[in-house]
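Each chain, letter by letter, is given below.
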Amino acid sequence: MQPYNLYLLTRIREPKIFSKSEFVLSGRQKMSTVKDHEIASARSLVDTLYAFAPEPALFDGFVFSYTIPHIGKEFDLLKITDKGILNYELKSVNVGKKAIKEQLLSNRYYLKHLSLPLCQCTYVMKENRFYALDENDELVVLPPQAAAVYLQIHDLPCKTDFDGLFDAGDYMISPTASPEAFINDGYFLTLNQQQIKKKVLAGVENRTSLHTAIVGSAGTGKTLLLYDLAKELSRKEPAVFIHPGMLSEGHKILEEGIPSLKIL
């Protein structure tokens, strides 16, 4: 995908023209229809920032709705330079502090693998307010002028090959090789994994699907998902995970850290 000037794009008000223009500018392989509220939120964000940073050139280098290949992790607005990363998330209404915080933490998890300084915040259009994480990872209100400073910090030539920056393997931790990180929830599931997990747990809860086969090619995160499901189920009642092989030291650490989970 090719980054472009966000200020110029958000001057377009007609949804069909907006979507088509974004498709042409970004060089996407397939055009997606941008929803009205997404366009309105992006325009409101730019208008608010522009009041404190009235230079259209500062909005160069953005990509709208970028998704990491093979992972499914999406970012509303993303800019990556040689010196850092800028990420704005968009909300038309306040979805709750917990949801906003979890999204920012998830974004940081995926972006930290680029080993670049990160500036990130969430903009809520209805409130015309910015939210960010403080040094203790608590959600706080960010003054709009501070959010505008992010633009000035990242007023640098941007990278264009976003896909080449991300390696799906960086996000697939091994529960047995990194048991402490797994026990402490030091990972995030991909969108596809989350959807499968939700479906499996619903089947167990409703007693409608007690047998489920998870199929996928090597490196897609099947093992992580299975262990995550076992950990989730063990939070309600004792669970057993049957491992087809010799148990390792990592398995012992998992059992000690998750007492309600038995690994055989």
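What you see is a predicted model, and the numbers here were worked out from it, not measured in a lab.

Visitor: Would you mind going over the pattern of salt bridges in detail, with residue names and values included?
Guide: Within the structure shown, the criterion is met by 12 salt bridges. In this structure, R108 engages D137 in a salt bridge whose closest nitrogen and oxygen atoms are separated by 2.8 Å. Here R108, found in helix α4 (residues 97-111), pairs with D137, found in the loop between β5 (129-133) and β6 (139-142); they are 29 residues apart in sequence, far enough to count as distant. Given a relative accessible area of 24%, D137 falls into the partly exposed group. The residue R235 makes a salt bridge to E232 at a minimum N-O spacing of 2.9 Å. With relative accessibility at 25%, the residue E232 sits in the partly exposed group. If you follow the salt bridges from partner to partner, you end up with D185, K197, D228, K231, E232 and R235 in one network.

Visitor: Which residues make up α4, and what are the values?
Guide: When the terminal C-alpha atoms of α4 are compared, their 21 Å separation across 15 residues agrees well with the 21 Å that a helix rising 1.5 Å per residue should span. Among the residues of α4, I100, Q103, L104, S106, N107, Y109, Y110 and L111 are the ones counted as buried. The inward-facing, buried residues of α4 abut β2 (74-80), β3 (85-91), β4 (118-124), β5 and β6.

Visitor: Pulling in residues and values, what's your account of the sheet that holds strand β1 (residues 63-67)?
Guide: Pairing is mixed in the open sheet, where 6 strands are placed in the order β1-β2-β3-β4-β5-β6. The sheet terminates laterally at β1 and β6, the two strands that pair on one side only. Neighbour to neighbour, the strand axes of the sheet diverge by 35 degrees on average, direction disregarded. Sheet topology note: the β1/β2 ladder contains 4 bridges and is antiparallel. For F64, the partnering residue across the bridge sits in β2 and is L77. Running at roughly 125 degrees to β3, helix α3 (residues 36-50) makes contact with β1, β2, β3, β4 and β5 of the sheet.

Visitor: Give me the lowdown on the packing of aromatic side chains, citing residues and values where you can.
Guide: The full count for this structure, using the stated rule, is 13 aromatic pairs. An angle of 45 degrees between the planes, with centres 4.9 Å apart, marks the rings of Y123 and F130 as tilted. By relative accessible area, which is 1% here, F130 ends up buried. Here the aromatic cluster, defined as three or more aromatic residues joined through ring pairs, consists of F182, Y187, Y227 and F241. Directly above the ring of Y7 sits R11, whose terminal nitrogen or CZ lies 4.6 Å from the centroid. Lying over the aromatic face of F75, K73 brings its terminal NZ or CZ to 5.7 Å of the ring centre.

Visitor: Give me the pairing of β5: which residues, what numbers.
Guide: Taken across its 5 residues, β5 has 4 buried, putting it largely inside the fold. Where β4 meets β5, 3 bridges bridge the pair, whose relative direction is antiparallel. Pairing of V124 across the sheet is with R129, part of β5. Hairpin remark: β4 followed by β5, antiparallel, with 4 residues in the connecting loop; positive phi at N128, about 50 degrees. Of the pairings in the sheet, the one linking β5 to β6 comprises 4 bridges and is antiparallel in character.

Visitor: Report on unusual backbone geometry, specifying residues and quantitative values.
Guide: A positive phi is found at S115, a non-glycine position, where the angle reads about 55 degrees. Inspection of the secondary structure assignment puts S115 in the loop between α4 and β4. For N128, which is not a glycine, the phi torsion comes out positive at approximately 50 degrees. Among the structural elements, N128 can be located in the loop between β4 and β5.

Thresholds applied
- Residues numbered from 1 in each chain as written.
- Predicted model: local features only at pLDDT ≥ 70, side-chain atom pairs only at ≥ 80, totals over all residues.
- Heavy atoms only, no water.
- Salt bridge = Lys/Arg side-chain N within 4 Å of Asp/Glu carboxyl O.
- Helix = DSSP H or I, 4+ residues; strand = E, 2+ residues; numbered from the N terminus.
- Buried < 20%, exposed > 50% of the residue type's maximum accessible area, 1.4 Å probe, protein only.
- Expected span 1.5 Å × (residues − 1).
- Contact = heavy atoms within 4.5 Å.
- Pairing = 2+ DSSP bridges.
- Axes fitted to C-alpha atoms, helices over the stretch in contact; angles between N-to-C directions.
- Phe/Tyr/Trp six-rings, centres within 6.5 Å; stacked < 30°, edge-to-face > 60°.
- Lys NZ or Arg CZ within 6 Å of the ring centre and 35° of its normal.

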